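Remarks on the overall topology
Single-letter residue listing:
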Amino acid sequence: MPEAQVKMNVRGAGEKASIIDVQGELTAFAEGVLMDAYNQASDGQVRAIILNFEDLEYMNSSGIGLLVTLLIRINREKQQLLTYGLSDHYRSIFQITRLDDAIAIHDSEEEAVRAANSA
Amino acid sequence: MTEQTPQDETREEEKQRREPRDAAYWAHYAETLKVTGVAEGATNINVEGRRAVGPLQGFGKLWQKTYRVSLEDAEVTPVEVIKTWKENYKDFWPEGNLFYAPLAGITPGEVALISGSLPGGVKLSTGVMVLYADDESFSLMTPEGHPFSGWITFSSFEEEGATVAQAQVLMRANDPLYELGLRMGGHKMEDEMWRKTLENLAAHFGVHEPVETNLLCVDPRLQWSHYRNIWHNAGIRSALYSITAPLRWRRNRVRQD
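To start, this report covers the structure provided alongside it.

Rules used in this analysis
- Residues numbered from 1 in each chain as written.
- Chains lettered and ligands numbered in written order.
- Predicted model: local features only at pLDDT ≥ 70, side-chain atom pairs only at ≥ 80, totals over all residues.
- Heavy atoms only, no water.
- Salt bridge = Lys/Arg side-chain N within 4 Å of Asp/Glu carboxyl O.
- Helix = DSSP H or I, 4+ residues; strand = E, 2+ residues; numbered from the N terminus.
- Buried < 20%, exposed > 50% of the residue type's maximum accessible area, 1.4 Å probe, protein only.
- Patch = residues over 30% accessible without salt bridge, like charges linked within 9 Å, V, L, I, M, F, W, Y side chains within 5 Å.
- Areas by Shrake-Rupley, 256 points an atom, 1.4 Å probe, with all protein chains shown as cover.
- Contact = heavy atoms within 4.5 Å.
- Buried area = accessible area lost by both parts, 1.4 Å probe.
- Polar contact = N/O pair within 3.5 Å; in protein donor to acceptor, adjacent residues only side chain to side chain.
- Nonpolar A, V, L, I, M, F, W, Y, C, P; charged D, E, K, R; others polar.

A word on the pattern of salt bridges
Side chains that differ in sign of charge can pair as their charged atoms come close. According to the stated counting rule, one finds 17 salt bridges over all chains in the structure shown. Between B:Lys196 and B:Glu199 there is a salt bridge, with the nearest N and O atoms lying 3.8 Å from each other. In this pair, B:Lys196 and B:Glu199 both sit in helix α4 (residues 176–204), three residues apart, roughly one turn of the helix. We classify B:Lys196 as partly exposed; its relative accessible area is 34%. Salt-bridge contacts for B:Asp219 lead to B:Arg221; the nearest nitrogen and oxygen are separated by 3.2 Å. The network of salt bridges with common partners includes A:Arg11, A:Asp21 and A:Glu109.

Below is the structure:
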């Protein structure tokens, strides 16, 4: 399979949350990178994972499938999944695929971090 | 006609810069599905006005099923495979299931009708929406009432120098009845259907390789909060539609007289 055209940076956001900055393309080839980032992000007492999509450049339906499996994994760990930085286009894709039923979408990092740490 | 100012041009350039590369590949959001043109023989009783549903809205266990075949012996690129698959989608399906392709073909947002059968020989009228389509993959998403809630992604890519064709289903049974049906032979029927589809696709390119199957239960829990999905069950509604056919015929005769 081709190499993943994506980078993910993990950083803390308060005691209970971690942010994963997604930069590049979210496709089937990003699975390993995304799961590694999640493992790194969920160390310790983290109760919420925040995905930052400000630098998301491309996503196909396999990428959306990855988010579904990530969400299931997060729910199993009794954690919460939040996002911010989605453009109108990607918000619309969350609506079509009905991911917005289960993943909280926020307008800014501040708002997402506040929601994650108050839960 | 209005002339464009430099500011307008800058705004347009900015918009184009921000327009993601995948924008043309995705269906646009619509609250409910709309079927444009019903092909002869197709029945549009379980699709029009229904919502598309993903793996999160279903009832049963969440499965990721992957079926793939290597097209190593064929001189064919992933783009050619997907082009062929889109153009001949219905011809690769095994006998007994009918896919009424949308007039515009496999393009984002289009809705296709399906006539199939469930375990026990129950006839089923349902459909799918084209969720995503690019040169190397396309995905179909199911409506409420379909046996499963989720999507199927058909893709082709190069692996170790060979072109591979793959179908990957991410699904939950839509309601408790379908979950029972899947456990009592439905999964086997479905696996056989996609294996046969890939065999037919490979045969089109002169390849007769075995289809690899990988079945992964991503979430074994049942989503009891979605048990009411049974209200839209297309199997039940299709059966009722068939049973009441004589009544509709009689009513139409009365109207004509």
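Things to note about a nonpolar patch on the surface
Residues and elements named next belong to chain B. Together, Leu177, Leu180, Met184, Ile230, Ile236, Leu240 and Ile243 give the surface a local cluster of nonpolar side chains, amounting to about 670 Å² of exposed area. Residue assignment for the nonpolar patch shows that the elements contributing at least two residues are α4 and α5 (234–243). Structurally, leucine 240 can be placed in helix α5.

Notes on the interface of chain B and chain A
Often, the extent of an interface is quoted as the loss of accessible area upon association of its parts. Taken together, the contacts link 35 residues of chain B with 28 residues of chain A. With both chains or domains summed, chain B and chain A bury close to 2,600 Å², and 61% of this area falls on carbon and sulfur atoms. In terms of surface lost to chain A, no three residues of chain B exceed B:Trp26, B:Tyr29 and B:Leu56, which account for 24% of the buried area on that side. Across the contact surface, chain B and chain A share one salt bridge. Here B:Arg21 ties to A:Glu25 by a salt bridge, and the two come within 2.5 Å at their closest N and O atoms. The tally of links between chain B and chain A comes to 12 residue pairs in polar contact (both at pLDDT 80 or more). For the side of chain B that touches chain A, the element with the most residues is strand β7 (residues 148–159) of chain B, which contributes five residues. Class assignment for the residues of the side of chain B that touches chain A results in 19 nonpolar, six polar and 10 charged.

Remember that the coordinates give geometry; whether it matters functionally is a separate question.
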